[in-house]
Amino acid sequence: MLIMLAMLAVFYAIVVAILYISQQKTAPTFDEYAVGGRSYGPWYVAMSYVNSWWPGSTFIAFFGLAAGAGVFGLYGLAYSSLGVAMMYFMATRAWRWGKKYDLRSQPDLLGKRFDSSAVKVIASVIGIVSLFPWVVLGMQALGTVFEIASDGAWSVTTCLLVGLAVIVIRQYWTVRMGMRGLIMTDAFQGTVAYVFSAIVCVVLLSGAAGSPISFADLNDVADKYLVLPGDGDSYGPLYIFALIFTGVIGSLCWPTSFQRIYTASSVRSVKSGTLCTVLISGVFYTLLMLVGIAATGLPDVAAAPQGGWFSIMSDYGGTWMLGLGVTIVFAASMGHIDGSVQVCGLQIANDLVNTEKRPLSDKQLTFVAKTSMAVFMVLAGVVAYATFNMERLQLLAQISYQGVVQLAVPLFLGIFWRGGNKQGAVAGMVVGFVVAMVLTWIYPDDIRGLGSLTGGIVGIAVNLAIFLGAAAFIKSDDAEKARVDDMFAAAKTSVKAPLPVHDESMDGQLHELAKTSREQALDG
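This is a predicted model, so every value here is computed, not measured. (Residues numbered from 1 in each chain as written. Predicted model: local features only at pLDDT ≥ 70, side-chain atom pairs only at ≥ 80, totals over all residues. Heavy atoms only, no water.)

Participant: Outline the overall build of the chain, listing residues and values.
Facilitator: When its secondary structure is counted, the chain shows 21 helices and zero strands. When burial is assessed residue by residue, the chain has 55% of its 524 residues classed as buried. About 21,500 Å² of surface is accessible on the chain, with carbon and sulfur atoms providing 66% of the total. (Helix = DSSP H or I, 4+ residues; strand = E, 2+ residues; numbered from the N terminus. Buried < 20%, exposed > 50% of the residue type's maximum accessible area, 1.4 Å probe, protein only. Areas by Shrake-Rupley, 256 points an atom, 1.4 Å probe, with all protein chains shown as cover.)

Written out as structure tokens, the structure reads:
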């Protein structure tokens, strides 16, 4: 118990030390809080993106999916790789618009694209509501971390409260430093969570030093772990398609992921960071799922798949190895929760409370963001406690996707197509979201009558039909067309650093110096 808690304490102390060393001497503006001054290179963008993409629950809910259902767990690899690649194609317009129009959030971009505060508000609400289940999963992962680290001596309530306190303390630095604090610590947390875990997975699969699993175990996996839902069971043939489709198109609908575009120093940094993200994410997740599949034959893992990561680490190296496994999950959980809560606080302050009629100062924006983050975390903690022992935790993640994909229609079409209007964007998102949530409430997993499609797929189909219908029947006036044309023209223009201030007196001195030099040369 003391060893594992000490390992967590050391890791946490390093995170705080990084924050303390890298903090700014002056208080950050709200723009710095939101996008970190748009100054970060590919590696920082990549590690920040990975940290915002894979939460600590990946080692619990998704590992449990691989250990309990086999190759089904690999569906996350398919949608994450394809989804992250979308960032590459969206980078140019999203970043240049963000730089030119001083956009701070994803709803900011949608509001600007359709010239509508209603679009901005609705997009923000959908993003915040959809992120909530992921924060709940993150809080549960933290609770599990402290439950294991305390060797079961702490109650579930105590573990969740300790986890909440850790994040609250961490949020002090987020408010103090803004996005800069997140990105600087994401580089360290991401290295521990995803690079270290990938190395551990390679060592485990190699069978070295008495590992309980190896690559050879993949040859002996039972047939029931080698089939996907819809292959002769109760699921329909479209279930896997629905999961991967919503995952792919929902990838850049997540406010946390989209926010990383704005933190980059240039379009090239975004694109290079995307390639790094695909590599890191693909290697890490593939190895983790292979470990889960190879462990399907272990009795302890089969009895409790969602605790399989910890069981394997304990069997392999005892307390020290289990402590490393717990620290890895702690790193992933803290980074993901912190990023999610920060973005939600940003959107509440920037998109919902701050308006053109009632503009807030930087101090007021920061106060609203800080307060909303605290309320958000408390609510997530309550729900995390209520659902702590829920089976198939990945359903919470799947449900959140059904909502967030409703942003895809105005976001993707708005970025790549000059058509569409605010009426279609508002009506499409609202109706699509309501349809998705009602169907998901009735059919939380899949809709058997539609071949096991999910509520989000039906919602996005309705959303798209409304958006295109409004574009066809509600014509934009010349002023609106000109405004959109100007935006698309701006996306084709490279954003350059401002030129130095022109000093006429210095020009005169240089001119006289050059003249004198020429005269001396001629005289010589």
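Participant: Provide a residue-level description of a nonpolar patch on the surface, including the pertinent values.
Facilitator: A surface patch of nonpolar side chains, about 690 Å² in accessible area, is lined by V430, V431, V434, V438, W441, I442 and Y443. Secondary-structure assignment places V438 in helix α18 (residues 422–442). (Patch = residues over 30% accessible without salt bridge, like charges linked within 9 Å, V, L, I, M, F, W, Y side chains within 5 Å. Salt bridge = Lys/Arg side-chain N within 4 Å of Asp/Glu carboxyl O.)

Participant: Mind laying out helix α9 (residues 179–206), listing which residues take part and the relevant values?
Facilitator: In this model α9 runs 39 Å from its N-terminal to its C-terminal C-alpha over 28 residues, within 8% of the 40 Å that 1.5 Å per residue would give. Along its length, α9 shows its largest kink, about 35 degrees, at D186. The first or second residue beyond α9 is G207, which carries a positive phi of 80 degrees. (Expected span 1.5 Å × (residues − 1). Bend = angle between axes of the 7 residues up to and from the residue.)

Participant: Describe the pattern of salt bridges, listing the residues and the values that go with them.
Facilitator: One pass over the structure, following the stated rule, counts five salt bridges. The salt bridge partner of R483 is E480, with a shortest N-O separation of 2.8 Å. Taken together, the residues span about one helical turn, with R483 and E480 both in helix α20 (residues 478–491) at a distance of three residues. Take R483: its relative accessible area is 19%, and that puts it in the buried class. By relative accessible area, E480 is classed as partly exposed at 21%.

Participant: Give a description of the packing of helix α7 (residues 117–149) against α18 that names residues and reports values.
Facilitator: Where α7 meets α18, the closest approach of the two axes is 9 Å, and the angle between their N-to-C directions is 25 degrees. Put simply, α7 runs roughly parallel to α18. Where α7 crosses over α18, the two elements pack in a sense that is left-handed. Within the contact between the two elements, α7 uses A118, V119, I122, A123, I126, V129 and S130 and α18 uses K422, A425, V426, M429, V430 and F433. Taken together, the residues of the contact of α7 with α18 sort by class into eleven nonpolar, one polar and one charged. (Axes fitted to C-alpha atoms, helices over the stretch in contact; angles between N-to-C directions. Parallel < 35°, antiparallel > 145°, perpendicular 65-115°, else oblique. Left-handed = near helix turned anticlockwise from the far one by under 90°. Contact = heavy atoms within 4.5 Å. Nonpolar A, V, L, I, M, F, W, Y, C, P; charged D, E, K, R; others polar.)

Participant: Go over helix α4 (residues 61–69), please, and point to the residues and values.
Facilitator: For α4, the tally of buried residues reaches seven of nine residues, placing the bulk of the element in the interior. Looking one or two residues past α4, G70 carries a phi angle of roughly 75 degrees, positive in sign.

Participant: Summarise the packing of aromatic side chains; cite the residues concerned and give the values.
Facilitator: Overall, the coordinates contain 30 aromatic pairs when judged by the stated rule. Ring centres of F72 and Y239 lie 6.2 Å apart, and the angle between their planes is 45 degrees; on these two criteria the pair is classed as tilted. One end of the pair, F72, is in the loop between α4 and α5 (75–101); the other, Y239, is in helix α10 (residues 239–250), with 167 residues separating them in the sequence. The residues F72 and Y239 share a single accessibility class, namely buried. It is R448 that lies over the ring of Y235; its NZ or CZ is 5.0 Å from the centre. (Phe/Tyr/Trp six-rings, centres within 6.5 Å; stacked < 30°, edge-to-face > 60°. Lys NZ or Arg CZ within 6 Å of the ring centre and 35° of its normal.)

Participant: Provide a residue-level description of the side chain of T274, including the pertinent values.
Facilitator: Along the chain, T274 turns up in helix α12 (residues 267–294). Apart from residues no more than four positions distant in its own chain, T274 is found in contact with V84, A85, M87 and Y88.

Participant: Quick rundown of empty space enclosed by the protein? Include the residues and the values.
Facilitator: Throughout the structure, instances matching the rule amount to two cavities of 30 Å³ or more. Here the largest cavity defines a volume of roughly 100 Å³. Lining the largest cavity are 13 residues, with S52, W53, W134, W254 and H336 sitting closest to its centre. Counting residues per element, the ones that place at least two in the lining of the largest cavity are α3 (42–53), α7 and α11 (255–263). Taken together, the residues of the lining of the largest cavity break down into nine nonpolar, four polar and no charged. (1 Å grid on protein atoms, 1.4 Å probe; cavity = no way out; pocket = protein on both sides within 12 Å on 5 of 7 lines; lining within 4 Å. Points joined across faces, edges and corners; volume = space filled by probe spheres on them.)

Participant: Please give an account of the layout of surface pockets that cites residues and values.
Facilitator: Here the idea is plain: a probe the size of a water molecule rolls over the atoms and shows the empty space left. In this structure, the largest pocket spans a volume of roughly 560 Å³. Around the largest pocket, the lining is made up of 20 residues, and of these D108, G111, S117, K120 and E356 lie nearest the centre. Each residue belonging to the lining of the largest pocket can be placed in one class, and the counts come to five nonpolar, six polar and nine charged.

Participant: I'd like a rundown of unusual backbone geometry, residues and numbers included.
Facilitator: If you check the backbone angles, D115 has positive phi at about 50 degrees while not being a glycine. Relative to the elements of secondary structure, D115 occurs in the loop between α6 (106–113) and α7.

Participant: Can you lay out the nonpolar core for me, pointing to particular residues and giving the numbers?
Facilitator: Formed by 147 residues in total, the largest nonpolar core has its most connected members in L109, W309, V326, F330 and L411. Ranked by the residues each element gives to this core, the list is headed by helix α14 (residues 308–353), at 21 residues. Contacts of F330, omitting those with residues within four sequence positions, involve L8, F11, Y12, L142, V145, F146 and V166. Counting five residues, the second-largest nonpolar core is a separate cluster that includes Y40, M179, L182 and I183. (Core = buried A, V, L, I, M, F, W, Y, C linked by side-chain atoms within 4.5 Å.)

Participant: For the side chain of N463, give the residues involved together with the corresponding values.
Facilitator: Mapped onto the elements of the fold, N463 is located in helix α19 (residues 455–473). On the basis of relative accessibility, which here comes to 0%, the residue N463 falls in the buried class.

Participant: So what's going on with the packing of α6 against α7? Which residues, and what values?
Facilitator: Put simply, α6 and α7 touch, their axes get as near as 7 Å, and they point 155 degrees apart. It follows from the interaxial angle that α6 and α7 lie roughly antiparallel. Crossing of α6 against α7: the hand is right-handed. Here P107, D108, L110 and G111 of α6 come into contact with α7, specifically with V119, K120, A123 and S124. Tallied by class, the residues present in the contact of α6 with α7 amount to four nonpolar, two polar and two charged.

Participant: Describe the environment of I60, listing the residues and the values that go with them.
Facilitator: Looking at the secondary structure, you find I60 in the loop between α3 and α4. Since its relative accessible area comes to 7%, I60 is described here as buried. Spatially, the C-alpha atoms of I60 and G307 are 6.2 Å apart, while their sequence positions differ by 247 residues.

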